[in-house]
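Observations on chain architecture
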Amino acid sequence: ALLFITVYTADGFYEFVEDHCVFNSTKLDDIEFIRSYYYNKLEVTRFSSSVGKYVGYTEYGVRNAEAWNNLPGELSRMRNEKERYCLINVGNDHEAAL
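Notes on the structure in this doc start here. (Residues numbered from 1 in each chain as written. Predicted model: local features only at pLDDT ≥ 70, side-chain atom pairs only at ≥ 80, totals over all residues. Heavy atoms only, no water.)

Bringing the overall build of the protein chain into the picture now. Of regular secondary structure, the protein chain possesses two helices and five strands. Starting at the N terminus, the α and β elements of the protein chain follow one another as β-β-β-β-β-α-α. A total of 98 residues make up the protein chain; the buried ones form 36% of that total. If you sum the accessible surface of the protein chain, you get close to 6400 Å²; carbon and sulfur atoms cover 51% of it. (Helix = DSSP H or I, 4+ residues; strand = E, 2+ residues; numbered from the N terminus. Buried < 20%, exposed > 50% of the residue type's maximum accessible area, 1.4 Å probe, protein only. Areas by Shrake-Rupley, 256 points an atom, 1.4 Å probe, with all protein chains shown as cover.)

This is the structure in C-alpha cells:
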C-alpha cells in the first residue's frame, strides 16, 4: 500500500492525515483510496473510495464528516483521488516489485 502522512503538532497535541491505496492489481476497480484523519493517535474521520463519503468515528469526526460531505464538489474531488493519486503510483510500485 502507498502511504503519505502529513503531521501537525502544537503544545503537545498530535494531528496527522494519512493517504494510502489498497490494491490487489493495477486495475482501477481493484484499488481503494483511503484518507484518514487522526488526532492524538485516534482516527477521527475517514474517506474511503469504496464508501464514497466521509465517515466519522468520534463526536468531532462525525461533525467534520457531515460538514465535508455537504461541501459542494468535495466528494467528487475525493473520489477522483483514487485515479489521480493511486493509479499512477500503484502502477509504479507494481513494476518495481516485479
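With that settled, the discussion passes to the side chain of Ser48. Note that Ser48 resides in strand β4 (residues 42–48). In terms of polar contacts, Ser48 uses its side chain to reach the side chain of Glu32, at 2.5 Å. Other than its neighbours up to four places away in sequence, Ser48 contacts Glu32, Phe33, Ile34 and Lys53. (Polar contact = N/O pair within 3.5 Å; in protein donor to acceptor, adjacent residues only side chain to side chain. Contact = heavy atoms within 4.5 Å.)

Attention now moves to the environment of Cys21. Mapped onto the fold, Cys21 is located in strand β2 (residues 13–23). Distance from Cys21 to Lys82, taken between C-alpha atoms, is 7.8 Å for residues 61 residues apart in sequence.

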